[in-house]
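# Analysis of the macromolecular model
Letter by letter, the chains look like this.
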Amino acid sequence: MSDLTVNPWKRHGKDRLYVNLPDGTSVAWADRATKTVTIKVRQYQDEALALLRRHLGDGLTVGSSPSRAHGADSAPPPRHPGPSATSHPAGRPAPLPPLSPSEDLARNRPGARLLGTIAERGPSTAQRLRAKILRQPSEWDNWYAGLAGERRVGRELERLSPLGWRILHGIEKSNGGDIDHLLIGPGGVFSINTKAHQGASVWVGDAMAKINGGPPQPYGAASKAEADYVRKVLGRYCAFDVPVEPVLVFVGVASLHRASAQGAVRVYQEREVAALGPLTGKLTPEQVESVYAAARHRRAWLRT
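Residues numbered from 1 in each chain as written. Predicted model: local features only at pLDDT ≥ 70, side-chain atom pairs only at ≥ 80, totals over all residues. Heavy atoms only, no water.

### Regarding the nonpolar core
- Grouped together as the largest cluster of nonpolar side chains are 27 residues, with contacts concentrated most on L182, V189, V291 and W301.
- Secondary-structure elements contributing two or more residues to this core are β6 (166–172), β7 (178–185), α6 (219–235), α7 (285–295) and α8 (298–302).
- If near-sequence neighbours (up to four positions away) are discounted, L182 is found in contact with R166, I167, L168, I171, V189, F190, S191, V230, A295 and W301.
- The next biggest cluster of nonpolar side chains, apart from the first, holds 17 residues, and it includes L4, V6, Y44 and L60. (Core = buried A, V, L, I, M, F, W, Y, C linked by side-chain atoms within 4.5 Å. Buried < 20%, exposed > 50% of the residue type's maximum accessible area, 1.4 Å probe, protein only. Helix = DSSP H or I, 4+ residues; strand = E, 2+ residues; numbered from the N terminus. Contact = heavy atoms within 4.5 Å.)

Quick look at the structure:
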């Protein structure tokens with residue numbers, strides 16, 4: 001087998017399925033309405049037809065020659081974004097090298113970036129034990145609370161896997177900082193920012209949040225900027241528009257008042273993120289895997 005994939009494509013009134021190699025090369029395409037198949041690379045004809053029958057059933061007809069497939073009535077074939085090469089309808093594919101274990105973000109556990117920072121710059125085990133015994137506050141308390149919060153949200157997100165969702169954690173950004181969690185599934189892509197405020201009363205507006213009535217914090221604005229960043233990065237490697245929404249998740253709070261209408265930024269407590277699970281209609285299963293293949297590649301996020 002050649003690891004062929006089937007990718008839906010709609011434009012200019014046409015509804016097609018393209019069969020692509022892992023590097024994005026199109027080897028065949030089928031018109032959904034007529035079940036007519038155009039074979040572009042004869043070497044893969046049998047495999048392509050077998051894959052297309054799974055989607056369209058029997059009754060396929062092999063139609064025009066490869067030369068006609070590029071005629072005036074045919075749109076250029078979309079290239080499927082895989083681990084080694086991806087594309088965008090507006091230009092040439094943005095290449096990524098083959099995915100190695102060290103570059104695979106799917107290996108990250110929730111809080112991975114915070115844990116690495118604490119291990120590198122944080123207090124020693126003896127210092128932590130002493131502060132705990134003496135009940136002394138530490139400048140690292142917020143870091144440990146944040147780590148615990150990301151792990152709690154990560155556990156809630158993993159519950160969505162059976163519904164067709166893919167989850168990534170601790171994505172390092174080229175412009176500094178990291179993305180706590182990225183949720184990719186039939187309902188689109190969600191850039192999730194976790195905030196741990198144990199026992200706090202939280203007020204959230206469209207752009208700002210207040211913790212225990214304190215000064216405004218730009219949580220909403222930062223989340224929207226992060227979603228824009230994610231959309232820009234994934235747009236380089238996908239042959240379709242990638243819908244990205246920002247999400248704020250508050251962990252351990254006593255109360256959460258949402259002053260906005262859940263428009264620009266979705267706001268949840270950690271146990272409420274399950275509300276994302278039933279969402280559908282934004283990405284097909286094939287598109288989910290395409291986005292996930294690009295998103296899990298560390299180098300995709302480190303390119304400027």
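On we go.
### Some words on the sheet that holds strand β9 (residues 201–204)
- Spatially, the 3 strands line up as an open sheet ordered β10-β9-β12, and their pairing is mixed. Pairing within the sheet leaves two strands with one partner each, and these edge strands are β10 (209–211) and β12 (255–258). The sheet shows a mean angle of 15° between the axes of neighbouring strands, taken without regard to direction.
- Pairing geometry for β9 and β12, over 4 bridges, is parallel. Each bridged residue has a counterpart across the sheet, and for W203 the counterpart in β12 is H257. (Pairing = 2+ DSSP bridges. Axes fitted to C-alpha atoms, helices over the stretch in contact; angles between N-to-C directions.)

### Digging into the packing of aromatic side chains
- Counted by the stated rule, this structure contains 5 aromatic pairs.
- Aromatic pair Y18 and W29: ring centres 6.1 Å apart, planes at 35°, arrangement tilted. With Y18 in strand β2 (residues 14–20) and W29 in strand β3 (residues 26–31), this residue pair connects regions lying 11 residues apart in the sequence. Accessibility assignment for this pair places Y18 and W29 in one class, buried.
- Between the aromatic rings of W165 and F190, the centroid separation amounts to 6.0 Å while the plane-to-plane angle is 45°, which identifies the pairing as tilted. Here F190 lies in strand β8 (residues 188–196) and W165 lies in the loop between α5 (141–158) and β6, a separation of 25 residues in the sequence. The burial state of W165 is the same as that of F190; both residues are buried.
- Across from the ring centre of W29, 3.9 Å away, lies the NZ or CZ of R16, which sits over that ring.
- Directly above the ring of Y229 sits K173, whose terminal nitrogen or CZ lies 5.5 Å from the centroid. (Phe/Tyr/Trp six-rings, centres within 6.5 Å; stacked < 30°, edge-to-face > 60°. Lys NZ or Arg CZ within 6 Å of the ring centre and 35° of its normal.)

### Examining the pairing of strand β11 (residues 244–251)
- Summarising burial for β11: 7 of the 8 residues are buried, a large majority.
- Pairing between β8 and β11: 8 bridges, direction parallel. Bridging from a neighbouring strand, A196 pairs with V251 of β11.
- Relative to strand β13 (residues 266–269), β11 runs parallel, the two sharing 4 bridges. Paired with V247 across the bridge in β13 is R266.

### Quick word on helix α1 (residues 45–56)
- Helix length check: α1 (12 residues) gives 16 Å between terminal C-alpha atoms against 16 Å at 1.5 Å per residue, within 8%.
- Burial in α1 covers these residues: A48, L49, L51, L52 and L56. Viewed along the axis of α1, the buried residues span an arc of 165°, placing them on a single side of the element. Turned more than 90 degrees from where α1 packs its buried face, D46 and R54 sit exposed.
- Once α1 finishes, G57 follows within two positions and takes phi at roughly 80°, a positive value. (Expected span 1.5 Å × (residues − 1). Arc of directions from axis to C-beta.)

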